[in-house]
Amino acid sequence: MIDSHCHLDHEPLFSDLKNVIKRSQDVGITKMLTISTSLKSFNNIKGIIKDNTMIYGTFGIHPHEVKLNKLSKNEIVNNANFDKKIIGIGETGLDFFYENSEKEDQTTSFINHIEASIELDLPVIIHSRDAEDETFNILKEYKQKNLKILMHCFTGSLDFAKKLMTLNAYFSASGIITFKNATELQNTFKYIPIEKTLIETDSPFLAPVPNRGKKNEPSFIKHTAQKLSEIKDVTLENLILKTTNNFNNLFNLI
């Protein structure tokens, strides 16, 4: 199993990383991708990926953090070139629900991340909340540019998913799919091809049932995998094999 999106630089994971990794291995996780959200976050990620062979990293500025971390495309490229274990660009995107950063600044940052990902030929990891039309309208401009898209913690509509599929996007399922009130999202993941599906924890956030309300960690991904296998009507073993292969193909780790 692979946790395609976690924040190991966040507490309580960061100060207990040795045990977090051990518990992840105990449930069968073979790789984790720890996600950059700011320059400070990235500085911690550098050490995490250096010290742990199974952990890879990304470089990016979360839309919430854009107001304090305004970077050009070239600055994003230069940071991402720090290490070969930096295998993705993000987490970037648009969040018009909280709007912790101005919409215009978020949009500029998103475009800079997209263009950096194209230049580096790395997947762009996208956060989109209350911004489906705006997100798609930006992404569709790059349809002919071989942009590799991963929609992290996808909670969008079926219509949004269908549009993104025209751009060859991948979709990552988080613990939200285990929630009782997530019927619509479950139906969306039933529609999305398994060949375009990944799994993630987004830990320490969004712990799946039966751990909902607790601080999340990578080992809890087993619950998300189990639920997704039920949604897709495949065995858990097949679901794990498919999502693992999808991750390795997308991030060129074959």
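As the structure is a prediction and not an experimental result, all values here were calculated from the model.

Colleague: Would you mind showing me how to read the pairing of strand 5 (residues 124-129) here?
Modeller: The side chains of a regular strand alternate, first on one face of the sheet and then on the other. Taking burial as the measure, the 6 residues of strand 5 include 5 buried ones, the bulk of the element. With 5 bridges connecting them, strand 4 (residues 86-95) and strand 5 associate as parallel partners. Its bridge partner lying in strand 5, glycine 93 is registered against histidine 127. One ladder, built from 3 bridges, connects strand 5 with strand 6 (residues 149-151); its direction is parallel. Within the sheet, the bridge partner assigned to valine 124 lies in strand 6 and is isoleucine 149.

Colleague: Help me out: how do you make sense of the packing of aromatic side chains in this one?
Modeller: Between two aromatic rings, the relevant description is the distance of the centres plus the angle of the planes. Enumeration according to the criterion identifies 7 aromatic pairs in this entry. Arranged with centres 6.2 Å apart and planes meeting at 80°, the rings of phenylalanine 42 and phenylalanine 82 form a pair that is edge-to-face. On the criterion of sequence distance, the pair formed by phenylalanine 42 in helix 2 (residues 39-51) and phenylalanine 82 in the loop between helix 3 (73-80) and strand 4 is long-range, its members being 40 residues apart. Connected via pairs of aromatic rings, a cluster forms that spans Phe154, Phe160, Phe171 and Phe189. The cationic tip of lysine 46 hangs over the ring face of phenylalanine 82; the distance from NZ or CZ to the ring centre is 4.8 Å. The ring of phenylalanine 96 carries lysine 103 above its face, with NZ or CZ at 4.8 Å from the centroid.

Colleague: I keep staring at unusual backbone geometry and nothing clicks. Help me out?
Modeller: Cis geometry is found at the peptide bond from glutamate 11 to proline 12, where omega equals 10°. Of note, the amide linkage connecting valine 209 to proline 210 takes the cis form, showing an omega dihedral of 15°. Within the secondary structure, proline 210 sits in the loop between strand 8 (197-199) and helix 8 (221-232). Phi is positive for aspartate 121, close to 60°, though the residue is something other than glycine. Note that aspartate 121 resides in the loop between helix 4 (103-120) and strand 5.

About the cut-offs
- Residues numbered from 1 in each chain as written.
- Predicted model: local features only at pLDDT ≥ 70, side-chain atom pairs only at ≥ 80, totals over all residues.
- Heavy atoms only, no water.
- Buried < 20%, exposed > 50% of the residue type's maximum accessible area, 1.4 Å probe, protein only.
- Helix = DSSP H or I, 4+ residues; strand = E, 2+ residues; numbered from the N terminus.
- Pairing = 2+ DSSP bridges.
- Phe/Tyr/Trp six-rings, centres within 6.5 Å; stacked < 30°, edge-to-face > 60°.
- Lys NZ or Arg CZ within 6 Å of the ring centre and 35° of its normal.

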